[in-house]
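Results of the structural survey
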Amino acid sequence: MKILVTGGAGFIGSNFIYWVLKNRDWEIINLDKLTYAGNLENLKGIENDPRYNFVQGDVCDSHTVNELMAKVDCVVHFAAESHVDRSVLEPAVFVETNVVGTQVLLQAALENKIKKFHHVSTDEVFGALELDGSKKFNEETPYNPHSPYSASKAASDHLVRAYGDTFGLEYTITNCSNNYGPYQFPEKIIPLFVTNAQEDKSLPIYGDGKAVRDYLYVDDHCEAIALVLENGKAGETYCVGGDSEKNGIEMAETILKALGKPKSLMTFVKDRPGHDRRYAIDHSKITKELGWKPRVTFEEGIAKTIQWNLDNKGWVENILSGEYQKYYEKQYGAR
Ligand code: NAD
Ligand code: DAU
């Protein structure tokens, strides 16, 4: 099978490409614009693999997208603006890439008779759960996005379903929780806290630090996507989660303890506007139908992730010395 992966130079996309080349005999074309979040260094380990090809381009460019679609059987669509805080600063590019880009891909998928379009989405489309409740999101949860990021992802999910319902496009969607692992851009909480703690810099905890996220090790997410692509029923959605709910304070404490750093590095800063209180996923549908469940515990996953960051300081430093600096200063002040 030949697949078009969009956004394969980002965090989850690059992990997915490694996972597929190791675990399946599929061929991959990776279409990525190489925004601030796209990094070809992530793919150094497989850049000469004969089953892998890279094309630099924009998912909003219908000419490029159509040319590539003509060469593949299926699509796995990761490309997006992915960071909530950036969507507060600059919402327009989120609409352009996440909404318009998805529609351009869907139209090309239809015209090129793609066998399956898999859309990678997020649990953020469902809104926020009560902090103390036992309720979790599932495939029936109504959409209630709060940030420009989650609203743009919700719009993209609706477009995917509309192309299925209106034009008969064969699609699947996964809505998953917070991924973590190698190659995650250091604007996200885990790599940001690991990087700052190593340099004895403060760990900025938003608000009261009690907002909860469900953490999913990225390899588990990659396996879930592959299973849905192979065996998921067209027109279906699957929720994917890691059974690992942690709040900001717990995350900071875990990282500081692992690195032998003092709790005094924890600093409470202004809250994110519209900060969702809690996300949690009921993944029983994908477990029952496709036999998937998270294999990596939070304790194993965080230990591997911290070690990866320690072993790849050069990778982090290249990012810290690039255009990310400007964003960091705007968000948190001087490093
Ligand atoms: P990321 O920001 O690390 O990577 C995004 C990639 O998309 C980058 O390589 C970037 O260059 C590329 N890209 C951006 N705009 C593009 C465009 N116009 N054309 C082509 N390529 C473009 O993101 P990530 O964390 O790897 O997330 C990947 C996908 O998974 C996103 O759709 C995101 O919404 C979804 N998701 C992420 C998480 C998470 O925890 N990271 C959880 C649930 C869902
Ligand atoms: O839930 C899935 C989503 O997870 C994905 O759709 C997004 O693409 C991905 O970025 C992620 O979004 P979050 O906003 O949950 O991730 P982030 O790492 O930015 O924040 C995680 C939690 O940590 C959240 O409650 C905010 C808090 N936080 C984050 C940062 C960056 C802090 O307390 N301090 C920080 O500096």
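So, a few notes on the structure that sits alongside this text. (Residues numbered from 1 in each chain as written. Chains lettered and ligands numbered in written order. Predicted model: local features only at pLDDT ≥ 70, side-chain atom pairs only at ≥ 80, totals over all residues. Heavy atoms only, no water.)

Moving on to the pattern of salt bridges. Under the definition given, this model contains 16 salt bridges. Close ionic contact of Asp85 with Arg272 constitutes a salt bridge, the shortest N to O distance being 2.6 Å. With Asp85 in helix H3 (residues 84-89) and Arg272 in the loop between strand S12 (266-269) and helix H9 (284-290), this pair connects stretches of sequence that are 187 residues apart. The partner of Asp208 in a salt bridge is Arg277, with the nearest N and O atoms 2.6 Å apart. Placement of Asp208 in the loop between strand S8 (203-206) and strand S9 (212-217) and of Arg277 in the loop between S12 and H9 is noted, with a sequence separation of 69 residues between them. On the basis of relative accessibility, which here comes to 29%, the residue Arg277 falls in the partly exposed class. Taken together, the shared-partner salt bridges connect Arg86, Glu187 and Lys188 into one network. (Salt bridge = Lys/Arg side-chain N within 4 Å of Asp/Glu carboxyl O. Helix = DSSP H or I, 4+ residues; strand = E, 2+ residues; numbered from the N terminus. Buried < 20%, exposed > 50% of the residue type's maximum accessible area, 1.4 Å probe, protein only.)

Pairing within the open sheet is mixed, and its 3 strands lie in the order S7-S9-S11. At either margin of the open sheet sits one strand with a lone partner, and together these are strand S7 (178-180) and strand S11 (245-247). Each adjacent strand pair in this sheet contributes to an overall mean axis angle of 50°, direction not counted. In terms of strand pairing, S7 meets S9 through 3 bridges, oriented parallel. Bridging across to S9, Tyr180 finds its partner in Tyr217. (Pairing = 2+ DSSP bridges. Axes fitted to C-alpha atoms, helices over the stretch in contact; angles between N-to-C directions.)

This paragraph deals with the nonpolar core. In this structure, Ile190, Phe193, Leu203, Met251, Ile255, Ile302 and Tyr324 are the most contacted members of the largest nonpolar core, which totals 32 residues. Elements with a contribution of two residues or more to this core: helix H6 (189-198), S8, S9, helix H8 (248-259), helix H10 (298-311), helix H11 (313-320) and helix H12 (324-332). If sequence neighbours within four positions are ignored, Tyr324 has contacts with Arg86, Phe185, Pro186, Glu187, Leu192 and Ile319. (Core = buried A, V, L, I, M, F, W, Y, C linked by side-chain atoms within 4.5 Å. Contact = heavy atoms within 4.5 Å.)

Glancing now at the site of ligand 2. In the vicinity of ligand 2 lie 25 residues, with Thr122, Asp123, Tyr149, Asn178 and Arg272 positioned nearest. In the model, an oxygen atom of ligand 2 is placed 2.9 Å from a nitrogen or oxygen of the Ile189 main chain. Separating an oxygen atom of ligand 2 from a backbone N or O atom of Tyr206 is a distance of 2.9 Å. Compared with its free state, where it exposes 690 Å², ligand 2 has 93% of that area covered by protein. Elements with a contribution of two residues or more to the shell around ligand 2: H6, S8 and S9. (Near = heavy atom within 4 Å. Polar contact = N/O pair within 3.5 Å; in protein donor to acceptor, adjacent residues only side chain to side chain. Areas by Shrake-Rupley, 256 points an atom, 1.4 Å probe, with all protein chains shown as cover.)

Bringing empty space enclosed by the protein into the picture now. Counted according to the given criterion, the structure contains 2 cavities of 30 Å³ or more. Reported here for the second largest cavity is a volume of approximately 60 Å³. For the second largest cavity, the full set of lining residues is Val84, Glu124, His146, Ser147, Ser150, Arg213, Arg272, Pro273, Gly274, His275, Asp276 and Tyr279. A per-class count over the lining of the second largest cavity returns 3 nonpolar, 5 polar and 4 charged. (1 Å grid on protein atoms, 1.4 Å probe; cavity = no way out; pocket = protein on both sides within 12 Å on 5 of 7 lines; lining within 4 Å. Points joined across faces, edges and corners; volume = space filled by probe spheres on them. Nonpolar A, V, L, I, M, F, W, Y, C, P; charged D, E, K, R; others polar.)

Below, the discussion takes up the packing of aromatic side chains. We describe a pair of aromatic rings using the distance from one ring centre to the other and the angle between the two ring planes. Inspection of the entire model under this criterion finds 19 aromatic pairs. A centroid spacing of 6.1 Å and a plane angle of 70° characterise the contact between Tyr183 and Trp315, whose relative ring orientation is edge-to-face. Of this pair, Tyr183 sits in the loop between S7 and H6 while Trp315 is found in helix H11, placing the two residues 132 residues apart along the sequence. The buried category is assigned to Trp315, whose relative accessible area is 6%. Seen from the ring of Tyr238, Lys285 lies directly overhead, with NZ or CZ sitting 4.8 Å from the centre. Here the guanidinium or amino end of Arg335 rests over the ring plane of Tyr328, the centre of that ring lying 4.8 Å away. (Phe/Tyr/Trp six-rings, centres within 6.5 Å; stacked < 30°, edge-to-face > 60°. Lys NZ or Arg CZ within 6 Å of the ring centre and 35° of its normal.)

So, about the site of ligand 1. The immediate surroundings of ligand 1 are formed by 28 residues, with Asp32, Phe78, Ser82, Tyr149 and Lys153 found nearest. Here Thr35 contributes a backbone N or O atom positioned 3.0 Å from an oxygen atom of ligand 1. In this structure, an oxygen atom belonging to ligand 1 sits 2.8 Å away from a main-chain N or O atom of Phe78. Sorting the residues of the shell around ligand 1 by element identifies helix H1 (11-23), strand S5 (116-122), helix H5 (148-167) and S7 as the ones contributing at least two each. Looking at the shell around ligand 1, the element that brings in the most residues is S5, giving 3 residues. Here the residues of the shell around ligand 1 sort into 12 nonpolar, 12 polar and 4 charged.

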